[in-house]
Amino acid sequence: MQRTAEGGWEAVGFAAICGWLTIVLFGLAMLGLAAAAVYAVARGRGPKRSVWAGMVGCIGLALVCALSSAIAGPCSEADPN
């Protein structure tokens, strides 16, 4: 939901939701990479395979969301007339 200029509310589309989800997932992946770097410096070795799998999963899901947003955006804004 987003506020209109008249003070009412309107629903946002699928593309906008996917866009925000993409940003959040890339942020989580960057936070994970930063935490893994700190862990690697402190412990002298890299993170476990499950940590890498989680970060790769976040990045992969973010790319799928970005692709969905890129496809759904123009399709939802097309004039049906």
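Residues numbered from 1 in each chain as written. Predicted model: local features only at pLDDT ≥ 70, side-chain atom pairs only at ≥ 80, totals over all residues. Heavy atoms only, no water.

A. Looking closely at a nonpolar patch on the surface. Together, V24, L28 and L31 make up a nonpolar patch on the protein surface, roughly 290 Å² of accessible area in all. Tracing the backbone shows L31 in helix α1 (residues 14–43). Using a relative accessible area of 57% as the deciding quantity, one classes L31 as exposed. (Patch = residues over 30% accessible without salt bridge, like charges linked within 9 Å, V, L, I, M, F, W, Y side chains within 5 Å. Areas by Shrake-Rupley, 256 points an atom, 1.4 Å probe, with all protein chains shown as cover. Salt bridge = Lys/Arg side-chain N within 4 Å of Asp/Glu carboxyl O. Helix = DSSP H or I, 4+ residues; strand = E, 2+ residues; numbered from the N terminus. Buried < 20%, exposed > 50% of the residue type's maximum accessible area, 1.4 Å probe, protein only.)

B. Inspection of α1 at higher detail. For α1, built from 30 residues, the straight-helix expectation of 44 Å at 1.5 Å per residue is met to within 8% by its first-to-last C-alpha distance of 43 Å. When we look at burial in α1, the residues that qualify are A15, C18, T22, L25, A29, G32 and A36. Two residues or fewer after α1 comes G44, characterised by a positive phi angle close to 80°. (Expected span 1.5 Å × (residues − 1).)

C. Just the confidence of the model for the protein chain, in detail. Mean pLDDT for the protein chain: 84, with 90% of residues reaching 70 or above. Mean pLDDT values for the elements of the protein chain range from 72 in strand β1 (residues 2–3) up to 89 in α1. (pLDDT = per-residue confidence, 0-100.)

D. Molecular detail of the side chain of T22. Within the secondary structure layout, T22 lies in helix α1. Since its relative accessible area comes to 10%, T22 is described here as buried. In this structure, T22 is in contact with A62, C65 and A66, ignoring residues within four places of it in sequence. (Contact = heavy atoms within 4.5 Å.)

E. Representation of the environment of C75 within the structure. Turning to its location among the elements, C75 is positioned in helix α2 (residues 49–77). Take C75: its relative accessible area is 58%, and that puts it in the exposed class. Separated by 44 residues in the primary sequence, C75 and L31 have C-alpha atoms spaced 33 Å apart.

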